[in-house]
Amino acid sequence: MRRSGTFARQVLLVRVGRQNGDSSTGTDLVLPEHRHVDRPRRRYGLGRTVGAEATTIAPVSPAVPPTVRPVPVDESPTATIPLLPGERTVGRRLKFALVNACTLASLVLGINAIFVAMHGEVRLAALLLIACVAFDGLDGLLARRLGVASPFGAQMDSLADMCSFGLAAPVVVYASLAGSAPTAAAAVAAALVAACAAIRLARFNVSPKDGRFFCGVPTTMAAAVLALGVAIGLEVPAVLQVAGVALLAFTMVSSFPYAKLARLVKLPPWVWLVPVTGALIDVRLTFALIVVGYLASGPLLWLHQRRTAGV
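Here the structure is a predicted model, which is why all the values come from computation and not from measurement.

1. Some details on the packing of helix 6 (residues 183-206) against helix 8 (residues 238-252)
The interhelical angle for the contact between helix 6 and helix 8, taken along N-to-C directions, is 15 degrees, at an axis separation of 8 Å. Taken as axis vectors, helix 6 and helix 8 run roughly parallel relative to one another. The two elements helix 6 and helix 8 meet at a crossing, and its hand is left-handed. Residues A185, A189, L192, V193, C196, A197, R200 and R203 of helix 6 touch helix 8, and the partners they reach there are V242, V245, A246, A249, F250 and M252. Counted by class, the contact of helix 6 with helix 8 contains 12 nonpolar, no polar and two charged residues.

Printed below as a string of structure tokens:
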């Protein structure tokens, strides 16, 4: 152990660099001077066992890592993603502009609904929201029919929905509750609609799409319910109105499945006779029953799916 320790100390005392005028560019490892070598030998009695003085010690160095070639950097300009994929003909550009004009119309109508509601014209603001819902459904339908659907259009539609259904709808609801419900309660209910609409839209953008059901009530449907409720003037106590608005907000971020409009349209014709007949008798009561039935369909479908899956 002592010999090996002395040998290690000798290796640690080596000098790196040029020695005896050697002009080579390599690295030489040389023993330290004789006075430094003899001292440990005399101290530990190594002179009696080692007769010849070592002149050079081969260095034991770690393996030299392989030379890593730098990855070539592509200095070419980044390719831009076109707003309209596919052929960029004049006809397709006009169709693309028409679709996005419908999206912008929904956005502008939502902004004007806020302005009108601020001036006390609540029912007119609700009608503007209903027009927003119509244009929102029209732009998606035209984009699919005309073959000009694009990621840009999807982002535009999401931003317009946030403005019209996430901001304008809460403002209209708050204006309709002013004077009948407590101000703090109306403000909280309206804020819940805005927050849940933002969460719902963000989740919709990053979640896989289901062709049969919505995951939660869509913001368009929620805004349509709120706007129609204000437009027809539901005669409901203020406390129930606030509770209904808050419940509708929470259904937007729920995970309950709700049937899409395309599936509802395919229902047998006799099913539509019930709401049509009820609307002729009492439109407010019929509307309230339809909304309650639609909101209750989500939890019922969820329970049915769990039982079918055997959970």
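2. Thoughts on a nonpolar patch on the surface
A contiguous nonpolar surface patch, about 550 Å² in accessible area, is contributed by L267, W272, V276, L280 and I281. As for its placement among the helices and strands, W272 is situated in helix 10 (residues 269-281). Overall, W272 belongs to the partly exposed group, its relative accessible area being 38%.

3. Comments concerning the packing of helix 5 (residues 151-177) against helix 6
In the contact formed by helix 5 and helix 6, the axes pass within 9 Å of each other and the chain directions differ by 165 degrees. Considered as vectors, helix 5 and helix 6 are oriented roughly antiparallel to each other. Viewed along their axes, helix 5 and helix 6 form a crossing whose handedness is right-handed. Where helix 5 abuts helix 6, its residues S158, D161, M162, F165, G166, P170, Y174 and L177 lie against T183, A186, A187, A190, V193, A194, A197, A198, L201 and N205. For the contact of helix 5 with helix 6, the class distribution of residues is 13 nonpolar, four polar and one charged.

4. Quick look at the nonpolar core
Among the nonpolar cores identified, the biggest contains 43 residues, and A113, L129, V172, V217, L226 and M252 are the most heavily contacted of them. Sequence-distant contacts of M252, defined by excluding residues within four places in its chain, comprise V193, C196, A197, R200, R203, C215, G216, V217, T219 and A222. Residues L84, V99, A143 and V148 belong to the second largest nonpolar core, which totals five residues.

5. Quick word on the confidence of the model for the protein
For the protein, the mean per-residue pLDDT works out to 78, and 73% of the residues sit at or above 70. Overall, residues 40-58 carries pLDDT values under 50, and its contacts beyond four positions in sequence, including any with other chains, amount to 18 contacts. For residues 60-64, every residue scores under 50 in pLDDT, and the model assigns this stretch zero contacts once sequence neighbours within four places are set aside.

6. Overview of the packing of aromatic side chains
Aromatic rings in a pair are described by how distant their centres are and how their planes are angled relative to each other. Counted according to the given criterion, the structure contains three aromatic pairs. Measuring from centroid to centroid gives 6.0 Å for F96 and F152, while their planes differ by 40 degrees, and the two rings are tilted. Here F96 is found in helix 3 (residues 90-118), whereas its partner F152 is found in helix 5, with 56 residues between them in sequence. Assessed through its relative accessible area of 12%, F96 is described here as buried. A residue is classified by how much of its surface remains accessible, and F152, at 31% relative accessible area, is partly exposed. Note on F256 and W302: the rings are 5.8 Å apart at their centroids and 65 degrees apart in plane angle, and the pair reads as edge-to-face. Linking F256 in the loop between helix 8 and strand 4 (257-259) with W302 in helix 11 (residues 283-309), this pair joins segments that are 46 residues apart in sequence. According to the relative accessible area criterion, F256 is partly exposed, its value standing at 27%. For the cation-ring pair, K260 lies above F214, with the distance from its terminal atom to the ring centre recorded as 5.1 Å.

Rules behind the numbers
- Residues numbered from 1 in each chain as written.
- Predicted model: local features only at pLDDT ≥ 70, side-chain atom pairs only at ≥ 80, totals over all residues.
- Heavy atoms only, no water.
- Axes fitted to C-alpha atoms, helices over the stretch in contact; angles between N-to-C directions.
- Helix = DSSP H or I, 4+ residues; strand = E, 2+ residues; numbered from the N terminus.
- Parallel < 35°, antiparallel > 145°, perpendicular 65-115°, else oblique.
- Left-handed = near helix turned anticlockwise from the far one by under 90°.
- Contact = heavy atoms within 4.5 Å.
- Nonpolar A, V, L, I, M, F, W, Y, C, P; charged D, E, K, R; others polar.
- Patch = residues over 30% accessible without salt bridge, like charges linked within 9 Å, V, L, I, M, F, W, Y side chains within 5 Å.
- Areas by Shrake-Rupley, 256 points an atom, 1.4 Å probe, with all protein chains shown as cover.
- Salt bridge = Lys/Arg side-chain N within 4 Å of Asp/Glu carboxyl O.
- Buried < 20%, exposed > 50% of the residue type's maximum accessible area, 1.4 Å probe, protein only.
- Core = buried A, V, L, I, M, F, W, Y, C linked by side-chain atoms within 4.5 Å.
- pLDDT = per-residue confidence, 0-100.
- Phe/Tyr/Trp six-rings, centres within 6.5 Å; stacked < 30°, edge-to-face > 60°.
- Lys NZ or Arg CZ within 6 Å of the ring centre and 35° of its normal.

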